[in-house]
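# Report on the structure
Here is what each chain is made of, one letter per residue.
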Amino acid sequence: MIVYNPKDWLTSTIKLHKTDTFRKLFPYLILAALYSWGIAYLELEYLKLAEKSWIKNITIVHSLLGFVLSLLLVFRTNTAYDRWWEARKQWGTLTNISRSLAYKMNAFLETDDKVNRSFYRKAIPLYAETLYTFLHSDYTKFMLDEGLHPELKNLDDQKHGPNQVASLIFKNTNSLYKDGKITGDQFIIINDELQSFTNVCGACERIKNTPIPLSYNAFIKKFIIIYTATLPMGYVFSIGYFVIAAVPFIFYVLTSLELIGESIEEPFGTDTDDLPIDKIASNIKKHCFEILHP
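Once a new chain begins, its residue numbering starts again from 1 and follows that chain's sequence as written. Only residues with pLDDT of 70 or above have their local features reported here, since the model is predicted, and side-chain atom pairs are shown and tallied only from 80 upward, although totals for entire chains, interfaces and linings are computed over all residues. Side-chain calculation: all heavy atoms of the structure are included, whereas hydrogens and water are not.

### Topic: the side chain of Arg76
Rule in force here: Helix and strand assignments come from DSSP, with helices taken as H or I runs of at least 4 residues and strands as E runs of at least 2, each series counted from the N terminus. Residue exposure (1.4 Å probe, protein chains only): buried if accessible area is under 20% of the type maximum, exposed if over 50%, otherwise partly exposed. For the purposes of these results, a polar contact is taken to be a pair of N or O atoms within 3.5 Å, where, inside protein, one atom must be able to donate a hydrogen and its partner to accept one; residues adjacent in sequence count only when each atom of the pair is a side-chain atom. Contacts are assigned to residue pairs with any non-hydrogen atoms lying within 4.5 Å of each other.
Within the secondary structure layout, Arg76 lies in helix H3 (residues 58–108). The class for Arg76 is buried, based on a relative accessible area of 1%. A distance of 3.2 Å separates the side chain of Arg76 from the side chain of Glu265, its partner in a polar contact. Among residues more than four places away in sequence, those in contact with Arg76 are Ile212, Tyr216, Asn217, Ile220, Glu258, Gly261, Glu262 and Glu265.

As structure tokens, this is what we get:
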């Protein structure tokens, strides 16, 4: 994740050619420019169509469909951002849960109980680290896929690592209760944090395993391609060969919105716009070590 100044317009404008969307779309922009030139040459020079040709009226359809396309793209980006923000809230919740459990165990455990203090000092941040690894694995991505993936069985030896860590923490806490090192009331207080670990994991899995529906995603891409491919057919009569620049620009704007949605809809990836959950897990480890110090 890149930290930047959102108020700096100049830097963002100058670095336009370095952005991920521009670099990904550059070959397609060149293709759109060549396609527009071919359509313009075909209609103006080869076929010599007059301005009164019925093809000129195709721009009316573009005006009507442009509004529909803008609504679809707005919904697409908003839905993707909701997923990104929901993921950030869940990892913020995980940070607070880890801190809360750490300072409660620091108060409940005796100062000279080095064994249990060492356990919670390592086990609490281990949950965040395991969840980070689990969300980056292909095993997580294809959990709800209808197809069979036998090759994924060898990718994750622990299968569901976060569940194992949470079970380990709960077993150790239950042992403290049985041994009389914590009271029943204290065990009930800690139980809320222990259950919240699984709630956060389940919410992250829901985001990871449920992408934007395929039919909706494919329809937007087809809509954008057909919309931009038919633009030069009608607008060539009003702006002439300027369609060589206008059509690629329109294509760039529309596809950039789609690429932005694709980039942020999976917040647990490795793109520059994805969440820095590795650093969040590192901060959790740092805070737990500070609270449950030896």
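### Brief notes about the nonpolar core
Side chains that are nonpolar tend, in soluble globular proteins, to be buried together. Using the following cut-off: Definition used in this section: a nonpolar core is a set of buried Ala, Val, Leu, Ile, Met, Phe, Trp, Tyr and Cys residues joined via side-chain atoms within 4.5 Å.
The biggest cluster of nonpolar side chains holds 41 residues, and the ones touching the most others in it are Trp91, Leu94, Tyr120 and Leu131. Among the elements of the structure, H3, helix H4 (114–135), helix H6 (161–178), helix H7 (184–209) and helix H10 (277–291) are those that each provide at least two residues to this core. When sequence neighbours within four positions are dropped, the list of residues in contact with Tyr120 reads Met105, Leu109, Pro125, Ile169, Asn172, Thr173, Leu176 and Leu292. Residues Leu69, Phe223, Val236 and Phe237 belong to the second largest nonpolar core, which totals 22 residues.

### A look at the state of the cysteines
The cut-off we apply is this: Disulfides are defined as pairs of cysteine sulfur atoms found within 2.5 Å of each other.
Summed over the entire model, instances satisfying the criterion amount to zero disulfides. Residue Cys204 stays outside any disulfide, its sulfur separated by 6.9 Å from that of Cys201, the closest cysteine.

### Digging into the packing of aromatic side chains
Aromatic ring pairs are reported here in terms of the distance separating the ring centres and the angle at which the planes meet. Rule in force here: Planes of paired rings set the category: under 30 degrees apart is stacked, over 60 is edge-to-face and the rest tilted, where pairs are Phe, Tyr or Trp rings (Trp by its six-membered ring) whose centres lie within 6.5 Å.
Per the counting criterion, the structure on display carries eight aromatic pairs. Residues Tyr127 and Phe197 carry aromatic rings whose centres are separated by 4.7 Å and whose planes lie at 40° to one another, so their mutual orientation is tilted. In this pair, Tyr127 is assigned in helix H4 and Phe197 in helix H7, connecting sequence segments 70 residues apart. Overall, Phe197 belongs to the buried group, its relative accessible area being 1%.

### Quick notes on the environment of Leu126
Looking at where Leu126 falls in the secondary structure, it is placed in helix H4. C-alpha of Leu126 to C-alpha of Lys285: the two residues are 159 residues apart in sequence and 7.7 Å apart in space.

### As for the environment of Ala87
Summarising the element assignment, Ala87 is placed in helix H3. Residues Ala87 and Cys204, 117 residues apart in the sequence, show an inter-C-alpha distance of 6.4 Å. If near-sequence neighbours (up to four positions away) are discounted, Ala87 is found in contact with Ile207, Pro267, Phe268 and Leu275.

### Remarks on the packing of H3 against helix H8 (residues 214–239)
The cut-off we apply is this: The axes are straight lines fitted to the C-alpha atoms, using for helices just the contacting stretch, and the angles between their N-to-C directions are given from 0 to 180°. An angle below 35 degrees is read as roughly parallel, one above 145 as roughly antiparallel, one from 65 to 115 as roughly perpendicular, and any other as oblique. Each crossing is labelled by how the near helix is turned from the far one, with a counterclockwise turn of less than a right angle marking it left-handed and a clockwise turn marking it right-handed.
Packing of H3 against H8 brings their axes to within 10 Å, and their N-to-C directions diverge by 150°. Between H3 and H8, the angle is such that the two are roughly antiparallel. For the element pair H3 and H8, the recorded crossing hand is left-handed. Seen from H3, the contacting residues are Ile58, Thr59, His62, Ser63, Leu65, Gly66, Val68, Leu69, Leu72, Leu73, Phe75 and Arg76; seen from H8, they are Tyr216, Asn217, Phe219, Ile220, Phe223, Ile224, Tyr227, Thr230, Leu231, Met233, Gly234 and Tyr235.

### A look at a nonpolar patch on the surface
Note the cut-off: Exposure above 30% relative accessible area and the lack of any salt bridge qualify a residue for a patch; like charges then connect within 9 Å, and the nonpolar side chains Val, Leu, Ile, Met, Phe, Trp and Tyr within 5 Å. With residues, only the protein chains shown are counted as cover, and all accessible areas are computed by Shrake-Rupley using a 1.4 Å probe. The rule for a salt bridge is simple: a side-chain nitrogen of Lys or Arg has to be within 4 Å of a carboxyl oxygen of Asp or Glu.
Taken together, Trp37, Tyr41, Leu42, Tyr46, Leu47 and Tyr241 make up a surface patch of nonpolar side chains, about 650 Å² in accessible area. By secondary structure assignment, the location of Trp37 is in helix H2 (residues 20–46).

### Let's talk about the layout of surface pockets
Heads up, the condition is: Using a grid of 1 Å spacing that covers the protein atoms alone, one calls a set of points a cavity when a 1.4 Å probe fits there but cannot get out, and a pocket when the set is open and has protein on both sides within 12 Å along at least five of seven lines; lining residues are those with an atom within 4 Å of a point. Grid points are joined across faces, edges and corners, and a volume is the space filled by probe spheres set on the points.
The space that makes up the second largest pocket amounts to roughly 400 Å³. Along its surface, the second largest pocket is lined by 16 residues, and Tyr28, Ile225, Thr228, Phe251 and Thr255 are the ones closest to its centre. Among the secondary structure elements, those contributing two or more residues to the lining of the second largest pocket are H2, H8 and helix H9 (243–264). Considering every element that reaches the lining of the second largest pocket, the biggest residue donor is H9, with six residues.

### Here we look at the pattern of salt bridges
Evaluated as defined, the whole model comprises seven salt bridges. For Glu258, the salt bridge identified is with Lys221, shortest N-O distance 2.9 Å. Residue Glu258 is located in helix H9, and its partner Lys221 is located in helix H8; the two are separated by 37 residues in the primary sequence. We classify Glu258 as buried; its relative accessible area is 4%. Salt-bridge contacts for Lys221 lead to Glu262; the nearest nitrogen and oxygen are separated by 2.5 Å.

### With respect to empty space enclosed by the protein
Test applied: Nonpolar residues are Ala, Val, Leu, Ile, Met, Phe, Trp, Tyr, Cys and Pro. Charged residues are Asp, Glu, Lys and Arg, and all others, Gly as well, are polar.
Tallying each qualifying case throughout the model produces one cavity of 30 Å³ or more. In this structure, the largest cavity occupies an estimated 40 Å³ of space. Every residue lining the largest cavity is listed: Arg83, Ile207, Lys208, Glu265, Glu266, Pro267, Phe268 and Gly269. Taken together, the residues of the lining of the largest cavity sort by class into three nonpolar, one polar and four charged.

### Structural notes on H8
Along an α-helix, a turn takes 3.6 residues, which lines up residues three or four apart on a common side. Note the following rule: Multiplying one less than the number of residues by 1.5 Å gives the expected span of a helix. Here the bend at each residue means the angle between axes fitted to two seven-residue stretches, the one ending at that residue and the one beginning there.
Here H8 contains 26 residues, and its C-alpha end-to-end distance of 37 Å stays within 8% of the 38 Å for a straight helix at 1.5 Å per residue. Along H8, the largest kink reaches about 40° and is centred on Met233. Where H8 is buried, its residues contact H2, H3 and H9. Count one or two residues on from H8 and you reach Gly240, which has phi positive near 65°.

Structural measurements only, silent on function.
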